[in-house]
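# Notes for the structure review
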Amino acid sequence: MQLVRPEKTSRPPANIVIVDDEISSVVVLEAAVKDLGKVTYTTTPADAIELIQDIQPEVVLMDIEMGEYNGVDLCKQIKNSPATAKTAVIFVTSHSNPDLEYFSLDSGGIDFLTKPINLKTCKMRVANQLALYYYAKDLENAKEELYNEKEQFKATLNSIGDGVVATDAQGIVTFLNPIAEHMTGWNAVDAVGKPIELVMDLKDATTHEKSINPAHLALEENRIVAMALNCQLYSKSGNVYRVEDSAAPIVDEQNRLRGAIVVFHDVSESIAMAVKMNHLANNDQLTGLPNRILLHDRLEQAIKVSKQNRLMTGLMLIDIDNFKYLNDSLGHHIGDILIKQVAMRLEFAMDANCTLARVGGDEFVLIVPNVREIRQLNTIATDMQEVMQKPFVIEKQEYSLSVSIGISINPTDAETEGHMMRNADVAMFRAKKQGKQCYCFFSQNLEQDLHERIELEKVLREAIDKNTVEVVFQPQIDMATQQINSAEALARLKDKNGNNIPPPKFIGLAEELGLIDLLGQQILRKSCTAAKEWYDKGKEIRVCVNVSALQFCSPGYFDQVFKILEETNLRTSMLELEVTETLLMQDIQVVEEILRDLSLTGIFIAIDDFGTGYSSLSYLKRLPVDVLKIDQSFVRDMLDDKQSLDIVKTISDLGHSLGLKLVGEGIETAEHEQILKSFGCQIGQGYHYHKPLAKKDFETIIL
Ligand code: C2E
Ligand code: MG
Ligand code: MG
């Protein structure tokens, strides 16, 4: 702290009192000191004390011998009075007795002047005493100010509600206020001299790892630092506080770093309060589920995340059927309990990544992020309706409930959240119109697709259960002899109206549903059984069976094939398996191994739809393949499209150079046949010869 000296000019003039019973002396003394301040004198020693008490002068010039009065005694009186104790008393006498000088100074006098008075010396001595007097007074004032200031600081630091810890430049604690003592569990006496990180044990609230004390950062970086968010203070006595605040470096006037000060306060309660307020603001009171406000946030979030993943977001509006009626007739008390129970069941049925919110009396919204396929929503909607099926029991009374659901999907039918809500509402309206316990999609096309799919799944499951998938046979013709030496087996499934379902559709669904193994085995068994029958009747027709890549890669495929061959007693050379190029893009080592095993038994291997995939030629060379089937799309286009023609030619050349048999697919005209033949293709398949034929029809042409 800086000592502020009052400017000379700002000081009131000094008071100087002269006490002398001889007026001539007074005149001389006054002349000597008149420039130094306001001079008052008395020649009556009896009045001196009163006068001095009254004026409280800085300096008194005091004669020693004044008749019956003695200046030394007067000096003692002056010094004994607190008001004048600091007054500088200078004795003036005509005696030059050293003892007298001693006694007078011993009585409290500060200087000694002898008469006759030398004006200059006298003035100088009085001026010096004045300066000393002022210096002493200033010093005292400064001390008092400093003391007051220190006390005030202490009182402030002790009375503020924050914890305050000060350190020196090395981070060693120098001060702790009572709040800091309380929160750290250290008393100031023990804490002073310890490293701050020992006294303030700070940890990250989430990871519980030690946090660096902000005082160190403030010291290192010489700037104010905020304490890490999410900070916990572990007190010595075992309490844990969530704390928040900052540290600042302490620098002196020369800008030298003297230490750091950390100010912190307990935010545990405000955090708890914030969490509670947040919950209250964002959650429905009755069910504790997110309310409309939070729903808005979550939906926004779900749309964003799903978009990033290039997936969809589903929004389901779930409404309790006839709730108004129930509520009115049973009373709001039961109504509330029902709503709570419905909320619980819905929550129980939903996936963890979904959000369920309550948006109205009997309305809930379920947000489903990252939807890959629409039918996922279909499954969820069914689940939500199923969990309502068990009766609700309240006060031993059973109640039946159902819900209707409207579904909207981003981005398929709505871009924004508001739009999604509106669409879900429209869909809900439609669901209600269809009767209770229904769910509807906003997009009717989607709904149509979905219903078709559900229907298809039913038909497929039933056909597999009953083993009724039909296998038809399309003859393959040796173009040189026009003989039928082989036939492709093709699966056929009819819908409930008797229309053919395209094989790629139901094969794909069987793959999705995990039924392809079963279906594939049924087809293979039927194909092999047919071939064996024909063989037994003297017709060696090799049967070419399509294999889905998924089925091929499933464990035990080789055993399945072999088992069926054994069961049906068909020679391996009577079976050809058609695999697609996509198979060659799977784990090629596994594929190669299975292909090799199959091929070693004598089964023929064909690559179907060749030219449409991206199989590498090096694989083709390495794998035990016997036949290449030129994809029908090239055959169909080759008459009009030069590029397709070139591809057919290239595939044919490739087949020849690898020593493979070539089958031309989709031959519909004699011209097709002609061209393929000219390229050296040996076998033809297509409507030009025969469409796929039911087994008995096929038999009429071969037998
Ligand atoms: P794919 O193996 O290439 O079968 C040839 C397809 O072309 C058959 O269609 C056949 O009916 C059709 N086709 C034959 N000749 C002609 C023609 O001259 N012109 C035209 N436009 N089409 C012709 P399909 O039976 O509808 O089968 C389609 C695809 O479904 C098959 O293509 C095959 O990939 C798959 N598939 C059929 N049955 C099975 C099966 O049992 N298992 C597996 N995994 N897939 C099968
Ligand atoms: Mg095929
Ligand atoms: Mg094909």
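The rules behind each value
- Along each chain, residues carry numbers from 1 onward, in the same order as the chain's sequence is written.
- Here chains are named by letter from A upward and ligands by number from 1 upward, in the order in which they appear as written.
- This being a predicted model, a pLDDT of at least 70 is required before a residue's local features are given, and a value of 80 or more before pairs of side-chain atoms are given or counted; all residues contribute to the totals for chains, interfaces and linings.
- Heavy atoms throughout the structure, all of them, feed into the side-chain values; hydrogens and water do not.
- Secondary structure is summarised from DSSP: a helix means a run of H or I of at least four residues, a strand means a run of E of at least two, and numbering begins at the N terminus for each.
- Two things to know: the radius of gyration comes from C-alpha atoms, and the globule rule equals 2.2 Å times the number of residues to the power 0.38.
- Partly exposed residues are those whose accessible area sits between 20% and 50% of the maximum for their type, while under 20% is buried and over 50% is exposed, using a 1.4 Å probe and protein chains only.
- Note on contacts: a residue pair is in contact if any heavy atoms of the two residues lie within 4.5 Å.
- Areas reported as accessible are Shrake-Rupley estimates using a 1.4 Å probe. Residue values count occlusion only from the protein chains shown.
- Positive charges come from Lys and Arg, negative ones from Asp and Glu, while His and the chain ends are left out of the count.
- Where a charge lies is defined by one atom per residue type: Lys uses NZ, Arg uses CZ, Asp uses CG and Glu uses CD.
- For Na, K and Ca the donor cutoff is 3.2 Å, while for all other metals N, O and S atoms must lie within 2.8 Å; water is not among the atoms, so some sites may look incomplete.
- In the sections that follow, a salt bridge refers to a side-chain nitrogen of Lys or Arg positioned within 4 Å of a carboxyl oxygen of Asp or Glu.
- Think of it this way: DSSP has to see at least two bridges between two strands before they count as a pair.
- Here an angle of 0 to 180 degrees is reported between the N-to-C directions of two axes, which are lines fitted to C-alpha atoms, with helices fitted over the stretch in contact.
- Summary of the distance rule: residues count as near a molecule or strand when at least one heavy atom falls within 4 Å of that molecule or strand.
- Pairing of N or O atoms within 3.5 Å defines a polar contact, subject to two protein rules: one partner must be a possible hydrogen donor and the other a possible acceptor, and residues neighboring in sequence count only if both atoms are side-chain atoms.
- Cavities and pockets are found on a 1 Å grid laid over the protein atoms alone: a cavity is a set of points where a 1.4 Å probe fits but cannot escape, a pocket is an open set with protein on both sides within 12 Å along at least five of seven lines, and a lining residue has an atom within 4 Å of such a point.
- Occupancy of a cavity or pocket is assigned to a molecule whenever over half of its atoms lie within 2 Å of that pocket's grid points.
- Residue type decides the class: Asp, Glu, Lys and Arg count as charged, Ala, Val, Leu, Ile, Met, Phe, Trp, Tyr, Cys and Pro as nonpolar, and the leftover types, Gly among them, as polar.
- The source of the domain bounds is an automatic or database domain assignment.
- The disulfide criterion used throughout: a pair of cysteine sulfur atoms within 2.5 Å.
- Surface patches are defined over residues having more than 30% relative accessible area and no salt bridge, joining like charges when they lie within 9 Å and nonpolar side chains (Val, Leu, Ile, Met, Phe, Trp, Tyr) when within 5 Å.
- Summarising the geometry, the arc corresponds to the directions from the helix axis toward the C-beta atoms.
- Grid points are joined across faces, edges and corners, and a volume is the space filled by probe spheres set on the points.

Check the secondary structure of the chain and you find 27 helices and 30 strands. Taken over the C-alpha trace, the chain has a radius of gyration of 54 Å; the compact-globule value for 703 residues is 27 Å, which it surpasses by more than 25%. Projected onto its principal axes, the C-alpha coordinates of the chain cover approximately 170 × 75 × 50 Å. With 703 residues in all, the chain has 45% of them scored as buried. Long-range pairs, those at least 24 residues apart, make up 61% of the contacts in the chain between residues at least 6 apart in sequence. If you sum the accessible surface of the chain, you get close to 36500 Å²; carbon and sulfur atoms cover 52% of it. For the chain, the distance from the average site of its 71 positive side-chain charges to the average site of its 102 negative ones is 5 Å.

All of the protein donors around the magnesium ion (ligand 2) are E488 (OE), N546 (OD1), E578 (OE) and D608 (OD); their distances to the metal are 2.0 to 2.2 Å. Spacing between the donor residues of the magnesium ion (ligand 2) along the chain follows E-x57-N-x31-E-x29-D. Between the two metals, the magnesium ion (ligand 2) and the magnesium ion (ligand 3), the spacing is 4.0 Å, and D608 donates to both. Within this pair, whereas N546 is found in strand β25 (residues 542-546), its partner E578 is found in strand β26 (residues 575-580), the two being separated by 32 residues in sequence. Look at N546 and you get partly exposed, because its relative accessible area is 31%.

Another point: the pattern of salt bridges. Tallied over the entire structure, the rule returns 36 salt bridges. D63 is the salt-bridge partner of K115, the closest N and O atoms lying 3.8 Å from each other. With K115 in the loop between β7 (111-114) and α5 (119-159) and D63 in strand β3 (residues 59-63), this pair connects stretches of sequence that are 52 residues apart. The pair K115 / D63 is uniform in exposure class, with both members buried. In this structure, D328 engages K324 in a salt bridge whose closest nitrogen and oxygen atoms are separated by 3.0 Å. Of this pair, D328 and K324 both sit in helix α12 (residues 323-330), separated by 4 residues, roughly a single helical turn. A residue is classified by how much of its surface remains accessible, and K324, at 62% relative accessible area, is exposed. One network of salt bridges, with partners in common, ties together E373, R375, R453 and E512.

Looking now at the sheet that holds β3. If you walk across this open sheet you meet the 5 strands as β2-β1-β3-β6-β7, and the pairing is parallel. In this open sheet, the two strands that pair with only one neighbour each are β2 (37-42) and β7. Put simply, the sheet's adjacent strands are angled 20 degrees from each other on average, direction ignored. By the bridge criterion, 4 bridges tie strand β1 (residues 14-19) to β3 in an arrangement that is parallel.

Turning our attention to the site of ligand 1. For ligand 1, the set of nearby residues contains 23 residues, the closest of which are E488, D608, Q632, E668 and Y687. The backbone of S548 places a nitrogen or oxygen atom 3.5 Å from a nitrogen atom of ligand 1. When ligand 1 is considered free in solution it has 790 Å² of accessible area, and contact with the protein chains removes 83% of it. Taken atom by atom, the bulk of ligand 1 overlaps the largest pocket. Per-element accounting of the shell around ligand 1 gives the leading share, 4 residues, to strand β23 (residues 483-494). Each residue belonging to the shell around ligand 1 can be placed in one class, and the counts come to 10 nonpolar, 6 polar and 7 charged.

Coordination angles at a metal have ideal targets, namely 109.5 degrees for four tetrahedral donors and 90 or 180 degrees for six octahedral donors. On the protein side, the magnesium ion (ligand 3) has D608 (OD), D609 (OD), E665 (OE) and E665 (OE) as donor atoms, found 2.0 to 2.4 Å from it. Relative accessible area serves as the criterion here: at 26%, D609 is assigned to the partly exposed category. Judged by its relative accessible area of 5%, E665 is buried.

Moving on, we come to the domain arrangement of the chain. Here the chain is described as being made up of domain 1 (14-139), domain 2 (160-271), domain 3 (284-442) and domain 4 (459-702). A separation of 135 Å is found between the C-alpha centroids of domain 1 and domain 4.

Strand order in the open sheet made by the 5 strands is β16-β17-β15-β20-β21, with mixed pairing throughout. Either end of the sheet is taken by a strand with one partner, and the two such strands are β16 (355-360) and β21 (439-441). Within the sheet, the average angular offset between the axes of one strand and its neighbour, ignoring direction, is 20 degrees. In the packing of helix α14 (residues 374-386) onto the sheet, the strands contacted are β15 (312-320), β17 (363-371), β20 (403-410) and β21, and the crossing angle to β20 comes to about 160 degrees. Packed onto the sheet, helix α15 (residues 417-433) meets β15, β17, β20 and β21 and runs at close to 145 degrees relative to β20.

Take the state of the cysteines next. A complete count under the given rule lists 0 disulfides for this structure. In this structure C122 is a free cysteine whose sulfur lies 16 Å from that of C75, the closest cysteine sulfur available. For C122, a relative accessible area of 1% puts it in the buried group. C681 takes part in no disulfide bond, and the closest cysteine sulfur to it belongs to C544, at a distance of 13 Å.

What follows deals with a nonpolar patch on the surface. Nonpolar side chains collect at one region of the surface, where I23, V27 and Y41 lie side by side and expose about 280 Å² of accessible area between them. Relative to the elements of secondary structure, I23 occurs in helix α1 (residues 23-33).

Once that is clear, we can look at α1. Spacing of three or four residues puts side chains on the same side of an α-helix, whose turn is 3.6 residues. Those residues of α1 not exposed but buried are S25, V26, L29, A32 and V33. Taken end-on, α1 shows its buried residues confined to a sector of 125 degrees, consistent with a single buried face. Each element contacted by the buried residues of α1 is listed here: β1, β2, β3, β6 (88-93) and α5.

Pairing of β23 with β25, which is carried by 4 bridges, proceeds in the parallel orientation. Each bridged residue has a counterpart across the sheet, and for A487 the counterpart in β25 is V543. Relative to β26, β25 runs parallel, the two being bridged by 4 bridges. Note on β26: the bridge partner recorded for V545 is L577.

What follows is about the layout of surface pockets. Rolled over the atoms, a probe with the dimensions of a water molecule shows which regions are left empty. Reported here for the largest pocket is a volume of approximately 1000 Å³. Surrounding the largest pocket, 38 residues form its lining, E488, L490, P503, N546 and D608 being those nearest its centre. Elements that contribute at least two residues to the lining of the largest pocket include exactly β23, α17 (503-512), α18 (516-536), β25, α19 (549-553), β26, β27 (604-610) and α24 (632-637). For the lining of the largest pocket, the class distribution of residues is 16 nonpolar, 12 polar and 10 charged. Reported here for the second largest pocket is a volume of approximately 420 Å³. Lining the second largest pocket are 24 residues; nearest its centre among them are E58, K86, T87, Y133 and K137. No other element matches α5, which puts 8 residues into the lining of the second largest pocket.

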